[in-house]
Structure formats: structure tokens, C-alpha cells
Amino acid sequence: KELPKVYEQFNAITQLLEKHYHDMQDCEFTIERGKLWMLQTRTGKRTGAAAVRIAVDMASEKLIDRATAVQRVTPEQLDQLLHPTVDPKTDARVLATGLPASPGAAHGKVVFSPDEAEEMAREGEEVVLVRQETSPDDFHGMVAAQAIVTARGGMTSHAAVVARGMGKTCVSGATALEVDYSQQQFSVNGEVVTKGEWITVDGSTGRVFLGKIPTVQPSLGPDFYELMKWADDFRTLTVRANADTPHDARVARSMGAEGIGLCRTEHMFFGDKRLASMRQMILADGTGAREKALEQLLPLQRGDFVGIFREMAGFPVTIRLLDPPLHEFLPNVDELLGELSELKMALRHAGTLADMDHLLDEIDEKRQLLHHVNKIREANPMLGFRGCRLGLLFPEVTRMQCRAIFEAACQVKGERKQVTLEIMVPLVSISEELKQQAEMIHDVAREVTGEHGMKIEYAVGTMIELPRAALTAGKIAEHADFFSFGTNDLTQTTFGLSRDDSGRFLPAYIDRKILSDDPFQVLDREGVGELVRLGTERGRSVKPDLKVGICGEHGGDPSSIAFCNEIGLNYVSCSPYRVPVARLAAAHAALEAEAKAAAEAAAVSAADEDARVREAVGASQV
């Protein structure tokens, strides 16, 4: 209003600059004595929401094409749109830093017990569950909490994987935290935070703040969905989700997942009733007692599979048979010893004989449980009695799971919904392991489909998560319809790293440039990636049409997705809330590969033309 002519001139120049550079500009200018002076222009910085809107607007205005619009938005910018973030204006002090295990931002009152988390949440309180590390016992508290913080554990620890699956904010491996359950407090460098104090957790950066800090909630507008449609047009990789419940499957579909690449059946055993039956099965003495416990689990598993098949009707669902070590379903030894000590102390103050009898019964029960836990305890459980080894020696476990799967498939097919079933056998290192497990799966399939008078199409494959499996992939492929690389465990076994303990030294390795990235976050192309490439090539040398994907957390990492695209994998699978990022990253990878191929073809053409010219000049001189 004060200088309308100058404003018109400035507006015209900025429009010209934007059209010239085909991007939003950040201009510096000054006005002296009524005259406009342009000082500088550069590509403007932008938030994730602004990046999407600008890209879509410019494509709509024909300033750029859709491919350029898709490439203008980075996966990191898109991720900002999908999760709450800590208010960037905050000047709050960072209390501790750990690993960005599950993105988002949340605040709540500190609690140390999953039971207290559930109870306080039921009363309307916002809580953050702080644990040394989590186990299946903590699941109900993790569900109730706004966020989870652990002192131990890596990017693929129990806390990290479960939180990502639920879309729950989580920071793991915050090693500066000294958690004291008995005093209901944790300390960081001498500063003490007690139960009930507010903290804010930023799972996108791994920061934990003291106090209640405002968060910015995400919003997905029409520009987001338009950009994602364009990305889907360019990508060649299929993007699936890791989903373990009907709710996870529903979220995955809403995020654009084209199936489930990993359904971890062990996650279906979380929750008090299910966990009790699972423990009964683990602690059973003999096959008969084990089968009796499994009878209680079968209808629960079947119900979950029915829900997942309904949500994913028409899309593939890859169900992994029971994989983790059995100790993960049992209480921690140290916690059991602590509980025993507390019960003994309580016994000294028992007021009545009835109270004493009750406490003695509890002590006896805890002692028996501790005996069983020690009995199955392993020195290195991640390389112990788990995966297909469990299924081969306890075949009733595999049979129960397969019966639940096929009964659910028959039920949903009976509802006139399409079921596309893939059953995955975990931790295979010897081809004979897969052969015997596959035979058992086929036996149960014939049995159940015969009972229902139905035919169910299904595939049997394996998770390649051990170096030997990658090296002998040709033999394993003889018994497999598909491969899925479990890059979490493959990284562990290739590097000889414990994913739960590596947080102690990996940050120092990265700071000192020994490693460029955390190999549990970004796929190690030279080592782990080479095994993925080799396993794919050897598997397809036996079965050229072998479907191959990855289902580790690398399936949501842009750099790892680019590698998967480069070596010709069919799909990647990641946590549901990471699916849009994977879709965009897959589009970037396809467009970059196309541009690289075009540049190489042009270089070859130019070289051929140069050779022809030289030959022609030489001939004329002769």
C-alpha cells in the first residue's frame, strides 16, 4: 500500500525468477529512496508440508513435470507430514539422547511399570513408559503409554520393533539413563527424574526433553495424496508393510501398502491371557502337555489371521512362523529374583496365617518359574533354539500355527474374499530344514482344506537371515516359492553385532568415521548387501521367477530401497507408518535409475558418433 509500484515490480521479478529456476525462491532485496534493489536469490528452504504443496502447484502450473515434482520432495520431508513433531520454537533442554527407534513426538508423566502405565492411562493420564529394556510382559503398558524410552536396546530391539508397529513414539538405547525401579526414578549425569514428572520424547531425533513441550500435529491434505499417486506411477518396487494385527493391516492399507511382507506371529501372543497360554506351552513337560496349551492358542491365532485376511483381501499376506527365542516370552531372571526378595520381605510382615499361606504359595510359584527359566536359558539365545529349529523339534507348534492359518483362510474365502497366502519359515540355514518344514505345511494344508472342502492357493518360502542361507540360496530355492531377506538378523550375523548391545559403541564408530552409518538403519551394501545380491542371484539361477524382497527395517530406509531397486528385488516391506516414505523412495530410485540408464546410453551414442566421424575423416584423408 505504501509503495504499490515497487510492490508490482518486486512481484513481477519474483515470478520471473521462479519461472526461470523452476523452483520457489528465497529473495533478498532492499528499497532505497523508493527504488527496488534485488540483492540475491536462492532456492528457498521449506517444511515438509510446503515442499509437497510447492511441488504439486508447480506441476499443475506446468513449470515442472510430475517426475520432477516427485523428486523435489525428499523422504525426510514427507516423514514430517506423517508424525507429530516437537515444536521447533522450543528452547527446552535435552535431558538425554538415544536412538530414533520410532518417529513422532509425545509427552507424558514418567512411569516405570507397565501395570501403572495401563492404570494411569485408564484414568485419563498421559504417561511415558521408561524401562531398562522391554519384553512381552511390558506390552500392555506400551499400548497404554504415549511413548516409550529404554536405556538399552538398538533399532531392532523389542521396544523399537513393537513401537514402530503400533506407530508409537520410542527412543531406545539412551545409555546415559540409569534406571532405578526400586526408587521409581532415573538419573542422567546426576540429575534425577522421578515417577510422575513430565518428559517429552522425540522419536524422530532420539532426544528426550525434561518437561511438557508442545508438539505440532501432522495433517495430510489433497496435495499429499496427489503426489503419492504420481510416485506410484513411477516406481517399480512393490511396497508392503510389516503388520501383525488386523489393526496394523488396516493402517497399512490406509498408508498405501500393497500387501503384508511380514506378519510376525509371535506378536499375537502379547497380552495377559495369550502370554499365559504361551508360557504354559513353553514350560510344558512333554508333547501332550504342550499340545494342550497350544489348543488354547489356536483359536486366538485363527481369529487374528481372519481379521488380517479380511483387511488385506486381494493383497498378499506373508505370515512368518514362530521365530524368536522362547526366553523372550518368559520373565527376566533378575526381575524374578527381585520379586522373590520382595515376597520374602512381605512374608516377615504377614499379619495372619492366611496371608502367610498366600505369600508362601506365591514364593513357591515364583521359584518354580525361576527354575524353568534357568532350565531353558541359553548363552546366546539369538543363535539358539528358535525359528525353524523350534518347528522341527516341536512339530506340534508348526502344526498349530499352520492349522490356524489355513482355517482362517478357508473362513475368509467362504466369505467370498480373495486370500493370497504366503507362509514363511524363519532362520533356515540348511535346505533340508526348509524341505521338512514345507512338507509339514503341505500336510496341514491338505488336512484342513479337505475338512472344509475348499482349495486354497498358497506359497511357501523362507526368510534369508543367515550368511550360510545366502551362500547356499541355490539349494534352498529348490524348496522355496519366495525369499524374503530378514536384514535385521542378517546384519547381526554378518557383522557379529548384537542389535541390543551395539548402541554402546556404534555411535562412537560413526563419530570416528569407522562406519558411515548405523548398519541397522542403513543397509551395509559392501557386506550385507553383497549377501542379498548373491542370495538373489543364486536363488534365481535355480528359479528365474523367484519372488524376492526384504522385510527388515531397512525396507523403509531410502538408501536401502535404492539398493533393492538396483539389484532387481520385487518388493520391500516396512512398518505401516513408514509405507508412504518407502513409496516415495522407490519412485526416486526408479527415476534415478532411468536417468542413469539414459545418460549411459547417450554417452555410448556420443562415443559411437565420435568414432564414426574419426573413421570418416581418416578415410577422406586417405
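The numbers attached to residues start from 1 for each chain and follow its sequence in the written order. Only residues with pLDDT of 70 or above have their local features reported here, since the model is predicted, and side-chain atom pairs are shown and tallied only from 80 upward, although totals for entire chains, interfaces and linings are computed over all residues. Each side-chain value is derived from all of the structure's non-hydrogen atoms; neither hydrogens nor water enter the calculation.

1. Points about the packing of helix 15 (residues 395–414) against helix 16 (residues 431–452)
At their nearest, the axes of helix 15 and helix 16 sit 9 Å apart, and the two run at 40 degrees to each other. The angle between the axes of helix 15 and helix 16 places the two elements in the oblique class. For the element pair helix 15 and helix 16, the recorded crossing hand is right-handed. Between helix 15 and helix 16, the residues in contact are P395, T398, R399, C402, R403, F406, E407 and C410 and Q437, M440, I441, D443, V444, A445, E447, V448, T449, E451 and H452, respectively. Three categories are distinguished: nonpolar for Ala, Val, Leu, Ile, Met, Phe, Trp, Tyr, Cys and Pro, charged for Asp, Glu, Lys and Arg, and polar for the others, with Gly belonging to the last. When its residues are assigned to classes, the contact of helix 15 with helix 16 shows nine nonpolar, four polar and six charged. What counts as an axis is a line fitted to C-alpha atoms, over the stretch in contact for a helix, and the angles between N-to-C directions run from 0 to 180 degrees. Here a strand is any run of E in DSSP of at least two residues, a helix any run of H or I of at least four, and the numbering for each starts at the N terminus. Angle categories: roughly parallel below 35 degrees, roughly antiparallel above 145, roughly perpendicular from 65 to 115, and oblique for all the rest. Each crossing gets its hand from how the near helix is turned against the far one by less than a right angle, where anticlockwise is left-handed and clockwise is right-handed. Contact definition: two residues touch when any of their heavy atoms are within 4.5 Å.

2. Details of the domain arrangement of the chain
Residue ranges assigned to each domain were obtained from an automatic or database domain assignment. Under the domain assignment, the chain is made up of domain 1 (4–80), domain 2 (85–216), domain 3 (235–325 + 380–594) and domain 4 (333–376). Contact residues are listed per partner, giving 20 residues for domain 2 and 21 residues for domain 3. Between domain 2 and domain 3 lies a buried interface of about 1,700 Å² when both sides are counted; carbon and sulfur atoms form 56% of it. Here the buried area means the combined drop in accessible surface, using a 1.4 Å probe, for two parts upon being joined, counting both sides. Among the residues domain 2 hides against domain 3, the three largest losses belong to T156, R164 and G165. Together they make up 29% of the total. Salt bridges are defined by distance alone: a side-chain nitrogen of Lys or Arg within 4 Å of a carboxyl oxygen of Asp or Glu. Here domain 2 is connected to domain 3 by one salt bridge. A salt bridge links E553 to R164; its shortest N-O distance comes to 2.9 Å. Here a polar contact is taken to be a pair of N or O atoms separated by no more than 3.5 Å, where protein atoms must pair a possible hydrogen donor with a possible acceptor and residues adjacent in sequence count only if both atoms sit in side chains. Where domain 2 touches domain 3, the interface holds one residue pair in polar contact (both at pLDDT 80 or more). Residue assignment for the side of domain 2 that touches domain 3 shows that the elements contributing at least two residues are strand 5 (99–102), helix 6 (139–144) and helix 7 (158–166). Element by element, the count of residues in the side of domain 2 that touches domain 3 is highest for helix 7, at six residues.

3. A look at the nonpolar core
Formed by 96 residues in total, the largest nonpolar core has its most connected members in F305, F309, F406, L421 and F483. A per-element tally of this core places helix 15 first, with ten residues. Excluding its chain neighbours within four sequence positions, the residues that come into contact with F483 are T462, I464, A473, I476, A477, G535, G539, L546, K547, V548, G549 and Y571. Here the nonpolar core consists of buried residues drawn from Ala, Val, Leu, Ile, Met, Phe, Trp, Tyr and Cys, with membership extended through side-chain atoms lying within 4.5 Å. Here's how the labels work: a residue is buried when its accessible area is under 20% of the maximum for its type, exposed when over 50%, partly exposed in between, all with a 1.4 Å probe on protein chains only. By size, the runner-up hydrophobic cluster in this structure holds 26 residues, among which are V52, V56, I64 and L591.

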